[in-house]
Amino acid sequence: MIALSDYLIVSAILFGIGVAGIFINRKNVILLLMCIEIMLLAVNTNFIAFSRYLNDSAGQMFVFFILTVAAAESAIGLGILVVMFRRLRTINVEELDILKG
């Protein structure tokens, strides 16, 4: 049987990969969105692990809400990204200064 600590270790590794991806790559917006999704999946893994460990379904309910918000965030973010790419012909974060006030 897989212990709770195994789930937490996998979740910490996923979260670390997501954070490292955000700090290492600051140029490509698509990779930034993917790193945020990896971090949300790490949080979901924690919720599922503790939900199973405590025999409570509240963590699984939170996972459904987080997945819904993450899907909406990805769809809106990619939609904005497509519009900006059509207009500016780049997805480099440093060149997207059109959003400055």
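Residues numbered from 1 in each chain as written. Predicted model: local features only at pLDDT ≥ 70, side-chain atom pairs only at ≥ 80, totals over all residues. Heavy atoms only, no water.

### Some remarks on unusual backbone geometry
At asparagine 55, a position not held by glycine, the phi torsion is positive, near 55°. Here asparagine 55 lies in the loop between helix H2 (29–54) and helix H3 (58–88). Given the relative accessible area of 72%, asparagine 55 is considered exposed. Of note, the phi angle at arginine 89 is positive, near 60°, even though the residue is not glycine. In this fold, arginine 89 is placed in the segment after H3. Residue classification places arginine 89 among the exposed residues on the basis of a relative accessible area of 59%. (Helix = DSSP H or I, 4+ residues; strand = E, 2+ residues; numbered from the N terminus. Buried < 20%, exposed > 50% of the residue type's maximum accessible area, 1.4 Å probe, protein only.)

### Focus on the packing of aromatic side chains
Within the structure shown, the criterion is met by 1 aromatic pair. On the numbers, 5.5 Å between centres and 20° between planes, the contact of phenylalanine 47 with phenylalanine 62 is stacked. Here the residue phenylalanine 47 occupies a position in helix H2, and phenylalanine 62 occupies one in helix H3, the gap between them amounting to 15 residues. (Phe/Tyr/Trp six-rings, centres within 6.5 Å; stacked < 30°, edge-to-face > 60°.)

### Quick look at the side chain of asparagine 44
Considering the arrangement of structural elements, one finds asparagine 44 in helix H2. Discounting chain neighbours no more than four positions away, the residues touching asparagine 44 are Val63, Ile66 and Leu67. (Contact = heavy atoms within 4.5 Å.)

### Considerations on the environment of valine 43
Topologically, valine 43 is positioned in helix H2. Considered as a pair, valine 43 and phenylalanine 15 are 28 residues apart in the sequence and their alpha carbons are 7.7 Å apart. Apart from residues lying up to four places away in sequence, valine 43 is in contact with Ser11, Phe15 and Ile66.

### Thoughts on the packing of helix H1 (residues 4–24) against H2
Closest axis-to-axis distance for the H1/H2 pair is 8 Å, and the angle between their directions is 165°. If you check the angle between H1 and H2, you find them roughly antiparallel. Crossing of H1 over H2 shows left-handed handedness. Among the residues forming the contact of H1 with H2, the class breakdown is 17 nonpolar, 5 polar and 1 charged. (Axes fitted to C-alpha atoms, helices over the stretch in contact; angles between N-to-C directions. Parallel < 35°, antiparallel > 145°, perpendicular 65-115°, else oblique. Left-handed = near helix turned anticlockwise from the far one by under 90°. Nonpolar A, V, L, I, M, F, W, Y, C, P; charged D, E, K, R; others polar.)

### Observations regarding the confidence of the model for the protein chain
Taken residue by residue, the protein chain gives an average pLDDT of 89. The fraction at 70 or more is 95%. Predicted confidence in the protein chain is weakest over H3, with a mean pLDDT of 89, and strongest over H1, with 95. (pLDDT = per-residue confidence, 0-100.)

### Notes on the environment of leucine 40
Here leucine 40 shows up in helix H2. With relative accessibility at 28%, the residue leucine 40 sits in the partly exposed group. Taking the C-alpha atoms as reference, leucine 40 lies 8.0 Å from phenylalanine 15; in sequence the two are 25 residues apart. The residues contacting leucine 40, other than those within four sequence positions of it, are Ile66, Ala70 and Glu73.

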